[in-house]
Amino acid sequence: MRVFNTLSGKKEVFSPLEEGKVKIYACGVTVYDLCHIGHARSAIVFDVIRRYFRYKGFDVTYIRNFTDIDDKIINRAKKEGIPWDEVARKYTEEYYRDMDALGVERADLEPRATEHIKEIIEIVKGLIEKGYAYVVDGDVYFEVEKFKDYGKLSKRSLKDMMAGARVDVDERKKNPLDFALWKASKEGEPAWPSPWGPGRPGWHIECSAMSMKHLGETFDIHGGGADLIFPHHENEIAQSEAYTGKPFVRYWIHNGFITIDREKMSKSLGNFFTIRDILKRFDPEVVRVFLLSTHYRSPIEFSEEQLLEAEASVDRFYTTLQRVEIFKSLGSRKERRSPLEEPLRQSTESLRARFEEAMDDDFNTALALGHMYELLREINRFLDSKPSGDVALSLISDAIRALRETGAVLNVFQRSPKEWHLSLLRTRVPNMTEEEIQKKIELRASARKEKDWKRADAIRDELKEKGIILEDTPSGTIWRVKAGHGR
RNA sequence: GGCGGCGUACCCAAGCGGCUAAGGGAGAGGUCUGCAAAACCUUUAUUCGCCGGUUCGAAUCCGGCCGCCGCCUCCA
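Read on for a plain summary of the structure. (Residues numbered from 1 in each chain as written. Chains lettered and ligands numbered in written order. Predicted model: local features only at pLDDT ≥ 70, side-chain atom pairs only at ≥ 80, totals over all residues. Heavy atoms only, no water.)

### Digging into the overall build of chain A
Here is step 1: In terms of regular secondary structure, chain A is built from 16 helices and 15 strands.
Here is step 2: For chain A, the spread of C-alpha atoms along the three principal axes comes to 90 × 50 × 35 Å.
Here is step 3: Counting every position in chain A, which comprises 487 residues, the buried fraction comes to 54%.
Here is step 4: When contacts within chain A are restricted to residue pairs at least 6 apart in sequence, those whose partners lie at least 24 apart make up 77%.
Here is step 5: Just so you have it, chain A exposes about 22,000 Å², and 50% of that area is on carbon and sulfur atoms.
Here is step 6: Separation between the mean location of the 80 positive side-chain charges and that of the 82 negative ones in chain A comes to 4 Å. (Helix = DSSP H or I, 4+ residues; strand = E, 2+ residues; numbered from the N terminus. Buried < 20%, exposed > 50% of the residue type's maximum accessible area, 1.4 Å probe, protein only. Contact = heavy atoms within 4.5 Å. Areas by Shrake-Rupley, 256 points an atom, 1.4 Å probe, with all protein chains shown as cover. Lys, Arg positive; Asp, Glu negative; His and termini not counted. Charge placed at Lys NZ, Arg CZ, Asp CG, Glu CD.)

Following this line, the structure appears as structure tokens:
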């Protein structure tokens, strides 16, 4: 496996610290508001990375934290007039609601900053003792100039950063880039006792404390959005390595941003879409496929158009699956061999290898999906050649199994066509039930029996108006919800 | 200003020195069908922002230019 390591700036062969095991820490979210699609991207990217390591047979420990104490949470609490911990609790719940819907698996451990105050204080104490940190009025700062390698992740020297520094000049700090390990609390703010007076942890220290506690002083992979490279991850390295004297993380993985009109989606620009809103209009699987259709390090332009394309892709899978189900329901019949057996057999057999080759190369999910669509076409071609019998049945079953297994790594293509179409029906055509559609289909069937094409077509057109497509197949008429651009 | 990235067909997108430049969407034509839909087939890049260079050979490596974006402050 090759993984792009932000630290070295290139793809490296991945070899874990401990044979057969991978320890991953991904930065989660600060729970002060609903998550937007950018948060979804990060969560899904690392969800897939974790699933892929597991697929490859690694024993994976995956940790994703919650920042549950921070200025933004305190501000939000003031705004909403509720206690700060209530804000954290509420948005943690909302986070789970969104991520569960998107098929993001829970991490093995989901630690919270406030549960690790003891460990944080321990590290801060150690850093002061070792001369890397200093106390000012109850605050504790990390002294960046004491750490020789400061800037090695973001590839900047202290001098470079000073030149373009836009940081607030705080006269109490020895260097404007010194960052807070511990912040003294103001009156009425949440506070924990510490050797430096009541206060709360700085933002960066929690990740060092939690990752090292649960994964050890050196672990394999640490990740998050590319905007965390500086200062967050740079600071984590500084404080962790200064404290332990050991390398902190072996591979740093960062995902790219989501853009709107080619600009980074962010809270401050106000150009963001919440996961909640998107899921009102698109199936979660569509969002996953949309996000995985581009390499994780590239920017993705978010648009309705793009989601519709992803929807068409997902629909293509389930439409084919539906064909397969119909084929199977016709039962085992007279053996009729197809000249396309061999191409299908080969595509099926090579899918796993091609999938792994793509994923082994820095988690190329876009290429992996491309291979899956190729097999999908092979299945359709085979079905078009009108085969029947046991050989055909087993070839098709093998092909579908291969798609299901590789799909499981991306956590897509795991439902039945019926579930997919019912899900679309609920969100797209809420005023129509499956029973009503079935009734129309029966009406049309009797019209067709009498060769009353006009009446039959009128019924079909009526449903089409509402976004429901009827298809006449060998085993009767089936319905689908119009997906993609045509919808 | 410093550092980093990107520019591949109508749109999205893979491609990391050499097989016909994946795949999806959209459009056009065809096969199938009562008609459709779906599916399949054909078609839309002799060419990868532009200009040079290295090489037997470059979308892929190097240099310059143009355009876009990100980080340097909280941010996934």
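From this point, things continue past the structure.
### Brief notes about the layout of surface pockets
Here is step 1: Here the second largest pocket defines a volume of roughly 390 Å³.
Here is step 2: At the level of elements, α10 (304–329), α12 (365–384) and β14 (468–473) are the ones that each hand at least two residues to the lining of the second largest pocket. (1 Å grid on protein atoms, 1.4 Å probe; cavity = no way out; pocket = protein on both sides within 12 Å on 5 of 7 lines; lining within 4 Å. Points joined across faces, edges and corners; volume = space filled by probe spheres on them.)

### Side note on the state of the cysteines
Here is step 1: Enumeration according to the criterion identifies 0 disulfides in this entry.
Here is step 2: With no disulfide partner, C27 has as its closest neighbouring cysteine sulfur the one in C207, 3.9 Å distant.
Here is step 3: Among the residues examined, C27 registers a relative accessible area of 10% and is labelled buried.
Here is step 4: The closest cysteine sulfur to the non-disulfide-bonded C35 is located on C27, 14 Å from its own sulfur. (Disulfide = S-S within 2.5 Å.)

### Notes on helix α6 (residues 203–215)
Here is step 1: Between the first and last C-alpha of α6 there are 19 Å, a value that for 13 residues agrees with the 18 Å anticipated at 1.5 Å per step.
Here is step 2: Burial analysis of α6 places 10 of its 13 residues in the buried class, the great majority of the element.
Here is step 3: Taken residue by residue, α6 has H204, I205, E206, C207, S208, A209, M210, S211, M212 and L215 as its buried positions. (Expected span 1.5 Å × (residues − 1).)

### Things to note about the pairing of strand β2 (residues 10–13)
Here is step 1: Note: strand β1 (residues 2–5) against β2, 4 bridges, orientation antiparallel. Paired with V3 across the two strands is E12, which belongs to β2.
Here is step 2: Taken together, β1 and the strand that follows it, β2, pair antiparallel across an intervening segment of 4 residues, in which G9 is found at a positive phi of about 75 degrees. (Pairing = 2+ DSSP bridges.)

### Focus on the protein's contact with RNA strand B
Here is step 1: Close contacts around RNA strand B come from 60 residues, with W203, G225, R262, R460 and H485 the closest.
Here is step 2: In RNA strand B, the atoms that sit within 4 Å of the protein are 66% sugar and phosphate, with bases accounting for the remainder.
Here is step 3: G225 has a polar backbone atom sitting 2.2 Å from a sugar or linking oxygen of RNA strand B.
Here is step 4: One of the side-chain N or O atoms of R323 is found 2.8 Å from a sugar or linking oxygen in RNA strand B.
Here is step 5: Looking at the surface near RNA strand B element by element, the count peaks at 9 residues for α12.
Here is step 6: For the surface near RNA strand B, the class distribution of residues is 15 nonpolar, 21 polar and 24 charged. (Near = heavy atom within 4 Å. Polar contact = N/O pair within 3.5 Å; in protein donor to acceptor, adjacent residues only side chain to side chain. Nonpolar A, V, L, I, M, F, W, Y, C, P; charged D, E, K, R; others polar.)

### Brief notes about the sheet that holds strand β9 (residues 219–225)
Here is step 1: Here we have 4 strands laid out as an open sheet, ordered β4-β3-β9-β10, and parallel in their pairing. Strands at the two margins of the open sheet, each flanked by one partner only, are β4 (59–67) and β10 (249–255). Ignoring strand direction, the axes of neighbouring strands in this sheet form an average angle of 20 degrees.
Here is step 2: Both β9 and β10 contribute to a ladder of 6 bridges, which runs parallel. The partner of G223 across the bridge, within β10, is I253. (Axes fitted to C-alpha atoms, helices over the stretch in contact; angles between N-to-C directions.)

### As for helix α11 (residues 341–360)
Here is step 1: The end-to-end C-alpha distance of α11 is 29 Å, a good match for the 28 Å that 20 residues give at a rise of 1.5 Å each.
Here is step 2: At L351, α11 is deflected by roughly 40 degrees, the largest bend along its length.
Here is step 3: Burial in α11 covers these residues: E341, L344, S347, T348, L351, R354, F355, A358, M359 and D360.
Here is step 4: On its buried face, α11 is in contact with β1, α1 (37–55), α12 and α13 (390–410).
Here is step 5: Downstream of α11 by one or two residues, D362 has phi in the positive range, about 55 degrees. (Bend = angle between axes of the 7 residues up to and from the residue.)

### A look at the pattern of salt bridges
Here is step 1: Summed over all chains, the structure comprises 57 salt bridges.
Here is step 2: Of the charged contacts in the structure, one is a salt bridge between E94 and R97, with a shortest N-O distance of 3.5 Å. Highlighted residues: E94 and R97, both in helix α3 (residues 84–101), separated by 3 residues, approximately one helical turn.
Here is step 3: E94 gets classed as buried once you look at its relative accessible area, which sits at 18%.
Here is step 4: Residue class for R97 comes out exposed when judged on its relative accessible area of 53%. (Salt bridge = Lys/Arg side-chain N within 4 Å of Asp/Glu carboxyl O.)

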